[in-house]
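Examining the three-dimensional arrangement
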Amino acid sequence: MNTHLKLVADNPDLISRPRLDGRGLHELADRLIEQVRAGHANYAQVLASFQNLSPLAIATVATWMARAGLSEAEILKVVV
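The following refers to the structure shown.

Parameters at a glance
Residues numbered from 1 in each chain as written. Predicted model: local features only at pLDDT ≥ 70, side-chain atom pairs only at ≥ 80, totals over all residues. Heavy atoms only, no water. Helix = DSSP H or I, 4+ residues; strand = E, 2+ residues; numbered from the N terminus. Buried < 20%, exposed > 50% of the residue type's maximum accessible area, 1.4 Å probe, protein only. Contact = heavy atoms within 4.5 Å. Areas by Shrake-Rupley, 256 points an atom, 1.4 Å probe, with all protein chains shown as cover. Patch = residues over 30% accessible without salt bridge, like charges linked within 9 Å, V, L, I, M, F, W, Y side chains within 5 Å. Salt bridge = Lys/Arg side-chain N within 4 Å of Asp/Glu carboxyl O. Lys, Arg positive; Asp, Glu negative; His and termini not counted. Charge placed at Lys NZ, Arg CZ, Asp CG, Glu CD.

On a plain count of helices and strands, the protein comes out with four helices and zero strands. Moving toward the C terminus, one meets the helices and strands of the protein in the order α-α-α-α. Scored against the burial criterion, the 80 residues of the protein give a buried share of 25%. Taking all contacts inside the protein whose residues are at least 6 apart in sequence as the whole, residues at least 24 apart take part in 66%. Taken as a whole, the protein presents about 6100 Å² of accessible surface, with 55% of it coming from carbon and sulfur.

Here we take up a negative patch on the surface. Taken together, the side chains of Asp21, Glu27, Asp30 and Glu34 present a region of like negative charge at the surface. One can find Asp30 in helix 1 (residues 22-37).

Quick look at unusual backbone geometry now. Even without being a glycine, Asn52 presents a positive backbone phi close to 50°. Note on placement: Asn52 falls in the loop between helix 2 (41-50) and helix 3 (55-67). On the accessibility criterion, Asn52 (30% relative accessible area) is partly exposed.

Structure follows, in structure tokens:
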């Protein structure tokens, strides 16, 4: 079996999108928190998915959500 592995960074189909900086991630987290508290977790999940967040960015947003008092279930509903 001849396998050719390719790094994701070399993937020609990779869509390059602008990434949020720290302030942008914090603003996103605040908006997601507001939506979850208003009972719109599905809408918050859609907002988060449009941002194409990296794993580190997801962890950062989830940390701010946890610090705001959201439960683990609420956070997972949004970021997963």
